[in-house]
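Residues per chain, in single letters:
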Amino acid sequence: MVKRSSLKQWSGVSLLTASLVMFAGCTAPTANNPTENSAVPAAQTAAPANEELKTVKVQLSFLKQSLDAPLIIAMNKGYFAEEGLNVVYERGFGNADTISKLGAGSFDLAFSDIYNAMEFNSKNPNDRVIAVASVHSRAPFSIITLKESGINSPKDLAGKKLGAPAGDGPRKLFPVFASQVGIDPNSVQWTTMEPKLRESFLLQKQVDAISGFATSALPGLLKGGKQMSDLNVFYYNDNGMDFYGNSILTRASFAEQNPEAVKGFVRAYLRGMQDVLRDPSAGLDAVMASDNSKLMDRNAEKVRMEIALERMFITPEVEKLGLGAVDPKRLETTIEQTVEGFGLPSKPAVSDVFTNQFLPAEADRQLPPASERKPLS
């Protein structure tokens, strides 16, 4: 296994509408063989002399987005190759689908949320998946409305028509959200649509509000002609549901059989995250360059990155614990809320959902100092 040299110690931290872009093909790029979804120069990630890279298959939570910048940067700079890994990745089709394929063994690692993973594990105890690093310290779960609808607070949702796909995570958790904000969850009427039509339903006023990931819905609404000043966004994290966002997940059996590969992947990815936080514009540019189809919309991806920088990547908890870690007490609370919202038969222990044994040393996963963080442009 090829090991990278130690990092310097730092002193300091998914659903698109039809109006957004689609990607051509799902061919999995490799670190040594760039394809449609990868801009990885072979010279940067070639295996060192007399060393063979271990291939690991990775699935994204959905279409490649600016939120995947740490992965692309880590590939571009050869961080995975330094860990002895050849990373190949494919787009995903939503968090639940990604977890299902991970559990079935189609992929070795994946980016998805730990709450859908809990539901999967309850139904598939022999194919259990587990989170090995938190990628987004706060989830972008939200309810979004047009201000002109007169819905100015979560309480105003009572009696309204909400829209979301049937399997939408925030929709599943809405009963818990409703109880937190003081309304009857049965007082709203749900309309179901395909994910790509969600924002169109709101823009056409077929529904009064939608649930979903803000990082997916807001770019589509802005592209549809709205300004942020036209929208009200009610984040679950601001209303009694302090959920984590996506994590790096793997099958428990894969982690047990390949601990060094999992550690190496997490270490390289978090190095990529540190680079993105130093220069998010470079991270955004790297993602755009990796789209050989040239169908990605930079403005939409910039909006996504802005949300992530403001709410998901850098939080007081990450400042305290370092990248990749979780607060066990906070996670336990959200586990309890998920059991209620998803109607799970039993409550898993924190250790059944997340393990920190594959994280680098805390000194190696600190946020870059604020003075080193460039603004997004």
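Quantities reported herein were computed from a predicted structural model and do not represent experimental measurements.

## Here we look at the packing of helix H5 (residues 114-123) against helix H15 (residues 328-342)
Part 1 of the reasoning: Packing of H5 against H15 brings their axes to within 10 Å, and their N-to-C directions diverge by 55°. Taken as axis vectors, H5 and H15 run oblique relative to one another. The two elements H5 and H15 cross, and the hand of that crossing is right-handed. From H5, Ile114, Tyr115, Asn116, Met118 and Glu119 reach across to H15, where they touch Leu331, Thr334, Ile335, Thr338, Val339 and Phe342.

## Considerations on the nonpolar core
Part 1 of the reasoning: With 107 residues, the main nonpolar core has Leu71, Phe80, Phe174, Ile248, Phe265 and Tyr269 as its most contacted residues.
Part 2 of the reasoning: Filtering out sequence-adjacent residues up to four positions away, Tyr269 remains in contact with Leu67, Pro70, Leu71, Ala74, Phe80, Phe111, Val135 and Ile248.

## Let's talk about the sheet that holds strand S6 (residues 161-163)
Strand pairs in the sheet, formed through backbone hydrogen bonds, run parallel or antiparallel to each other.
Part 1 of the reasoning: A sheet is described by the order of its strands in space; here five strands give the open sequence S7-S6-S8-S5-S9, paired in mixed fashion. Strand pairing shows two members of the sheet lacking a second neighbour, strand S7 (189-191) and strand S9 (231-235), which therefore form its edges. For this sheet, the mean inter-axis angle between neighbouring strands, taken without regard to orientation, is 30°.
Part 2 of the reasoning: The sheet contact formed by S6 and S7 spans three bridges and is parallel. What sits directly across from Lys161, in S7, is Gln189.

## Describing helix H7 (residues 174-181)
Part 1 of the reasoning: Turning to H7, its buried residues number three or more, namely Phe174, Val176, Phe177, Ala178 and Val181.
Part 2 of the reasoning: Downstream of H7 by one or two residues, Gly182 has phi in the positive range, about 90°.

## With respect to helix H11 (residues 259-278)
Part 1 of the reasoning: The terminal C-alpha atoms of H11 lie 29 Å apart, and with 20 residues this matches the ideal 28 Å at 1.5 Å per residue to within 8%.
Part 2 of the reasoning: Most of H11 is tucked away, with 17 of its 20 residues classed as buried.

What counts, and where the lines are drawn
- Residues numbered from 1 in each chain as written.
- Predicted model: local features only at pLDDT ≥ 70, side-chain atom pairs only at ≥ 80, totals over all residues.
- Heavy atoms only, no water.
- Axes fitted to C-alpha atoms, helices over the stretch in contact; angles between N-to-C directions.
- Helix = DSSP H or I, 4+ residues; strand = E, 2+ residues; numbered from the N terminus.
- Parallel < 35°, antiparallel > 145°, perpendicular 65-115°, else oblique.
- Left-handed = near helix turned anticlockwise from the far one by under 90°.
- Contact = heavy atoms within 4.5 Å.
- Core = buried A, V, L, I, M, F, W, Y, C linked by side-chain atoms within 4.5 Å.
- Buried < 20%, exposed > 50% of the residue type's maximum accessible area, 1.4 Å probe, protein only.
- Pairing = 2+ DSSP bridges.
- Expected span 1.5 Å × (residues − 1).

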